[in-house]
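# Coordinate analysis (summary)
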Amino acid sequence: MTDDIAALRRLLAASRRAVVFTGAGISTESGIPDFRSPTGMWAKVKPIMFQDYVASAEWRAEAWKRKFEHEHTMRAAEPNRGHRAVARLVREGKVDAVITQNIDGLHQASGIPERQIVELHGNATYAHCLDCGERYEIDALRLAWERDGVVHDCLKCDGIIKTATVSFGQAMPEAAMLRAREATLAADLFIVLGSSLVVYPAAGFPPLAKRNRARLVIVNHEPTDQDELADLVIHHGIGDVMGGAVGVN
Ligand code: NAD
Ligand code: ZN
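All of the points below concern the structure found in this document. Bear in mind that the values here come from a model prediction, so they are computed numbers and not experimental data.

### Some points on the overall build of the chain
- Along the chain, the regular secondary structure elements total nine helices and nine strands.
- Relative to its length of 249 residues, the chain is compact, with a C-alpha radius of gyration of 19 Å against a globular reference of 18 Å.
- In terms of overall dimensions, the chain has a C-alpha envelope of 55 × 30 × 30 Å along the principal axes.
- Across the 249 residues that make up the chain, the buried fraction comes to 49%.
- Partitioning the contacts of the chain with sequence separation of at least 6, the portion at a separation of at least 24 is 68%.
- Taken as a whole, the chain presents about 12,400 Å² of accessible surface, with 51% of it coming from carbon and sulfur.
- Within the chain, the 32 negative side-chain charges are centred at a point lying 6 Å from the centre of the 29 positive side-chain charges.

Here it is in structure tokens:
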């Protein structure tokens, strides 16, 4: 692993504009389970499709039950060594943008300015109305849920309220997709941290970077289908690899 870290350091030193692309794997060291690891969420439950959420009050109830059960883990989570290393690279001006599939807000919590974070799959730390966009805080929704057993519809327009995340079957946020594309095309080094790279269109960004002649690095416990595209693949924990490469404890 020492050689791998040295190789990553060299790539970082040679880069003038790097982009970091993160998946659930960067947050496991903060205690948030990922999806596809053997200990991931999907070993236990299947995802709820957007169409089912919209069509059925039962699925909505199930989604909120899962959300509130998971909430204490999310709340307790703090940025880990991997997040801190990425934040340092941003602070030093080495990394221009962090494109994330995560919905946990931990890049923000690590001190990276909002304008340098692109959330491809939204954010689970608040909710909004699917029709008028009105924002709702999770705590307020939980109170109603505990009292009435349901999350009510939008107070303004009767629309359905959902966490501000992008579910399977739901359209991608256009502005975020555009920003991610721009950042990817401006990068000379593209570093993937903790993603199985199977969820598209998000997983299309590393190959796009590569086609645009950026160097590609993948740090992930398990192999991915894109490993063969990469200039450097490191199958180790993100905290140790990034912390080691950047000099962050
Ligand atoms: P994924 O679960 O499909 O893949 C995570 C990958 O990270 C796995 O291949 C695993 O081997 C690797 N990994 C886990 N911990 C690691 C560590 N400490 N060091 C190195 N590698 C590690 O996750 P994905 O690719 O992000 O796609 C799943 C979807 O799940 C995303 O769309 C995301 O929105 C959502 N999700 C987000 C969170 C979060 O916000 N923290 C958590 C679960 C799922
Ligand atoms: Zn509304």
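### Focus on the coordination of the zinc ion (ligand 2)
- Coordination of the zinc ion (ligand 2) by the protein comes from Cys129 (SG), Cys132 (SG), Cys154 (SG) and Cys157 (SG), over a distance range of 2.3 to 2.4 Å.
- In this structure, the zinc ion (ligand 2) is coordinated by four donor atoms arranged in tetrahedral fashion, with angles at the metal of 97 to 116°.
- Spacing between the donor residues of the zinc ion (ligand 2) along their common chain follows C-x2-C-x21-C-x2-C. Of the two residues, Cys132 sits in the loop between strand 4 (122–129) and strand 5 (135–137) while Cys154 sits in the loop between helix 6 (138–148) and strand 6 (161–165), which places them 22 residues apart along the sequence.
- The class for Cys132 is partly exposed, based on a relative accessible area of 40%.

### Focus on the sheet that holds strand 6
- Within the open sheet, the three strands sit side by side as 5-4-6. Their pairing is antiparallel. Since the sheet does not close on itself, it has two edges, and those belong to strand 5 and strand 6, each with one partner. When the angles between neighbouring strand axes are averaged without regard to direction, this sheet yields 45°.
- Bridge analysis of strand 4 against strand 6 gives five bridges, and the strand direction is antiparallel. Looking at the pairing, Gly122 lines up with Thr165 of strand 6.

### So, the site of ligand 1
- Around ligand 1, the surrounding shell holds 27 residues, and the nearest of these are Arg36, Gln101, His121, Ser196 and Glu222.
- Taking Ser195, its side chain carries an N or O atom lying 2.7 Å from an oxygen atom of ligand 1.
- Relative to its unbound accessible area of 860 Å², ligand 1 is 95% covered by the protein chains.
- The residue inventory of the shell around ligand 1, partitioned by class, reads seven nonpolar, 15 polar and five charged.

### Comments concerning the packing of helix 4 (residues 81–91) against helix 9 (residues 238–246)
- One can describe the packing of helix 4 onto helix 9 by two numbers: an axis separation of 7 Å at closest approach and a directional angle of 30°. In this structure, the crossing between helix 4 and helix 9 has a hand that is left-handed. Together, Arg81, Gly82, Ala85, Arg88 and Leu89 of helix 4 and Ile238, Gly239, Asp240, Met242, Gly243, Gly244 and Val246 of helix 9 make up the contact between the two elements.
- In terms of residue class, the contact of helix 4 with helix 9 is made up of five nonpolar, four polar and three charged.

### Notes on the packing of aromatic side chains
- In this structure the tally under the stated criterion is three aromatic pairs.
- Judged by centre distance (5.8 Å) and plane angle (35°), the rings of Phe21 and Phe190 are tilted. Here Phe21, found in strand 1 (residues 18–22), pairs with Phe190, found in strand 7 (residues 189–193); they are 169 residues apart in sequence, far enough to count as distant. For the pair Phe21 and Phe190, a shared accessibility class is recorded, and that class is buried.
- Taken together, Trp64, Phe68 and Trp145 form an aromatic cluster joined through their ring pairs.
- Here Arg135 stacks its cationic end above the ring of Tyr126, 4.0 Å away from the centre of that ring.

Calculation notes
Residues numbered from 1 in each chain as written. Chains lettered and ligands numbered in written order. Predicted model: local features only at pLDDT ≥ 70, side-chain atom pairs only at ≥ 80, totals over all residues. Heavy atoms only, no water. Helix = DSSP H or I, 4+ residues; strand = E, 2+ residues; numbered from the N terminus. Rg over C-alpha atoms; globule rule 2.2 N^0.38 Å. Buried < 20%, exposed > 50% of the residue type's maximum accessible area, 1.4 Å probe, protein only. Contact = heavy atoms within 4.5 Å. Areas by Shrake-Rupley, 256 points an atom, 1.4 Å probe, with all protein chains shown as cover. Lys, Arg positive; Asp, Glu negative; His and termini not counted. Charge placed at Lys NZ, Arg CZ, Asp CG, Glu CD. Donors = N, O, S within 2.8 Å, 3.2 Å for Na, K, Ca; no water. Tetrahedral: all angles 85-135°; square planar, octahedral: opposite > 155°, others 65-115°. Pairing = 2+ DSSP bridges. Axes fitted to C-alpha atoms, helices over the stretch in contact; angles between N-to-C directions. Near = heavy atom within 4 Å. Polar contact = N/O pair within 3.5 Å; in protein donor to acceptor, adjacent residues only side chain to side chain. Nonpolar A, V, L, I, M, F, W, Y, C, P; charged D, E, K, R; others polar. Left-handed = near helix turned anticlockwise from the far one by under 90°. Phe/Tyr/Trp six-rings, centres within 6.5 Å; stacked < 30°, edge-to-face > 60°. Lys NZ or Arg CZ within 6 Å of the ring centre and 35° of its normal.

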